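Spelled out from the first residue to the last, the chains are:
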Amino acid sequence: MGMPNFITFEGPEGAGKTTAIQAILPEIEKLSQKQVLLTREPGGNQMAEAIRDLLKVQTDPAIDSWTEVFLLAAARREHVVQTILPALEAGQVVVSDRYLDSSLAYQGGGRDLGLKSVQEINDFAIQNPQTGKPVLPDLTIYFDLPVEVGLERVFKNRTEKIDRLDKEKLSFHKKVRESYLALAKKEPKRIKLIDANQPKEAVLSAVNDVIQEYWR
Ligand SMILES: Nc1ncnc2c1ncn2[C@@H]1O[C@H](COP(=O)(O)OP(=O)(O)OP(=O)(O)O)[C@@H](O)[C@H]1O
Ligand SMILES: Cc1cn([C@H]2C[C@H](O)[C@@H](COP(=O)(O)O)O2)c(=O)[nH]c1=O
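Residues numbered from 1 in each chain as written. Chains lettered and ligands numbered in written order. Predicted model: local features only at pLDDT ≥ 70, side-chain atom pairs only at ≥ 80, totals over all residues.

## Notes on the overall build of the protein chain
Next, step 1: Each helix and strand counted, the protein chain has eight helices and five strands in total.
Next, step 2: Counting from the amino terminus, the protein chain carries its helices and strands in the arrangement β-α-β-α-α-β-α-α-β-α-α-β-α.
Next, step 3: The globule rule puts the C-alpha radius of gyration for 216 residues at 17 Å, and the 16 Å found for the protein chain is close to it.
Next, step 4: Principal axes of the C-alpha set define a box for the protein chain whose edges measure 50 × 45 × 35 Å.
Next, step 5: A buried classification covers 36% of the 216 residues belonging to the protein chain.
Next, step 6: Intrachain contacts of the protein chain at a sequence separation of at least 6 include 79% that bridge at least 24 residues. (Helix = DSSP H or I, 4+ residues; strand = E, 2+ residues; numbered from the N terminus. Rg over C-alpha atoms; globule rule 2.2 N^0.38 Å. Buried ≥ 20, exposed ≤ 12 C-beta atoms within 10 Å, placed from the backbone. Contact = placed C-beta atoms within 7 Å.)

Here it is as structure tokens:
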């Protein structure tokens, strides 16, 4: 297995990605012996973070689903060009809390727009301007859990940060999870599924196992 330079973490709401990333980062630094850039989507630089704020605005009527896709893809383009590629080119490891799979699962699946169309729009966002090739993660760690469990964590623990997408219907979140599971099934080499419905220590140990395997 090759050493992953671009690692993404994915999952439904409240899956515990952010908690686990913080804990595992020193181990990635140790194993890779490289500088590790921690970033997130939507976000990762000034413009993309501004788009993240925009995406939280609750409008009436609600934002059109394609507008949501385009805004996320615009944020991703900025993220790829201004943040991810320069770090990879400087020999760093990039760890991102969400990336392209989030759009496939949330917009393609959750919003019923279809994976193919959402992928096609994102093809523009993730293209390396120098090589023309797509910038794709080497390794994706997918945190799987029943959406009710994740949402309960979100609503119980961080009421001040509940956003527009957290408040979507249960059926939306279920479609997001189903799409993630389908992606993991389709790409088992890249996407490593871990059971996120366990205590934090057990989740971290599962993430650690995946990471260790890559640097063995
Ligand atoms: N394994 C776990 N068991 C119980 N609670 C957890 C676990 N992991 C994280 N939490 C708690 O659940 C909440 C959500 O965790 P976290 O922010 O890490 O998830 P996330 O996947 O980044 O969520 P989101 O994508 O919705 O921002 C936090 O309050 C966190 O402390
Ligand atoms: C990248 C991306 C994100 N989303 C959604 C998923 C979450 O609800 C928020 C991000 O915030 P969090 O702190 O990671 O929970 O945005 C999306 O719908 N599509 C995307 O491509």
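## Digging into the UniProt feature "binding site: ATP" (unreviewed entry) in the protein chain
Next, step 1: Under the UniProt annotation, "binding site: ATP" (unreviewed entry) lies at Gly-11, Pro-12, Glu-13, Gly-14, Ala-15, Gly-16, Lys-17 and Thr-18.
Next, step 2: Note on placement: Gly-11 falls in the loop between strand 1 (6–10) and helix 1 (17–32).
Next, step 3: Filtering out sequence-adjacent residues up to four positions away, Gly-11 remains in contact with Lys-17, Tyr-142, Phe-143, Asp-144, Tyr-180 and Ala-196.
Next, step 4: As for its placement among the helices and strands, Gly-14 is situated in the loop between strand 1 and helix 1. (UniProt positions renumbered as here; feature names shortened; annotations may be inferred.)

## Comments concerning the site of ligand 2
Next, step 1: All residues in the neighbourhood of ligand 2 are listed as Glu-13, Glu-41, Pro-42, Leu-72, Asp-97, Arg-98, Ser-102, Ser-103, Tyr-106, Gln-107 and Leu-165.
Next, step 2: Tallied by class, residues from the shell around ligand 2 come to four nonpolar, three polar and four charged. (Near = placed C-beta within 6 Å. Nonpolar A, V, L, I, M, F, W, Y, C, P; charged D, E, K, R; others polar.)

## Some thoughts on helix 3 (residues 65–89)
Owing to its 3.6 residues per turn, the α-helix brings residues three or four apart onto one side.
Next, step 1: Over its 25 residues, helix 3 runs 34 Å from end to end, which matches the ideal 36 Å to within 8%, given 1.5 Å per residue.
Next, step 2: At Val-80, helix 3 shows its largest bend, some 45°.
Next, step 3: Listed as buried for helix 3 are Val-69, Leu-72, Ala-73, Ala-75, Arg-76, Glu-78, His-79, Val-80 and Ile-84.
Next, step 4: Looking at the packing, one finds that the buried side of helix 3 touches helix 2 (46–56), strand 3 (93–97), helix 4 (100–110) and helix 5 (115–125).
Next, step 5: Note on helix 3: the residue one or two positions beyond its end, Gly-91, has a positive phi of about 85°. (Expected span 1.5 Å × (residues − 1). Bend = angle between axes of the 7 residues up to and from the residue.)

## Focus on the nonpolar core
Next, step 1: Ranked by size, the top nonpolar core spans 41 residues in total, and within it Ala-105, Ile-141, Tyr-142, Phe-143, Ile-194, Ala-196 and Val-207 carry the most contacts.
Next, step 2: At six residues, the largest contribution of residues to this core is made by helix 3.
Next, step 3: Ile-141 has contacts with Phe-9, Lys-192, Ile-194, Val-207 and Val-210, leaving out every residue within four places of it along the chain. (Core = buried A, V, L, I, M, F, W, Y, C linked by C-beta atoms within 7 Å.)

## Notes on the site of ligand 1
Next, step 1: Taken together, 16 residues surround ligand 1, and among them Gly-16, Lys-17, Thr-18, Thr-19 and Asn-157 come closest.
Next, step 2: Broken down by secondary-structure element, the contributors of at least two residues to the shell around ligand 1 are helix 1, helix 6 (147–157) and helix 8 (200–215).
Next, step 3: A breakdown of the residues in the shell around ligand 1 according to their chemical character gives four nonpolar, seven polar and five charged.

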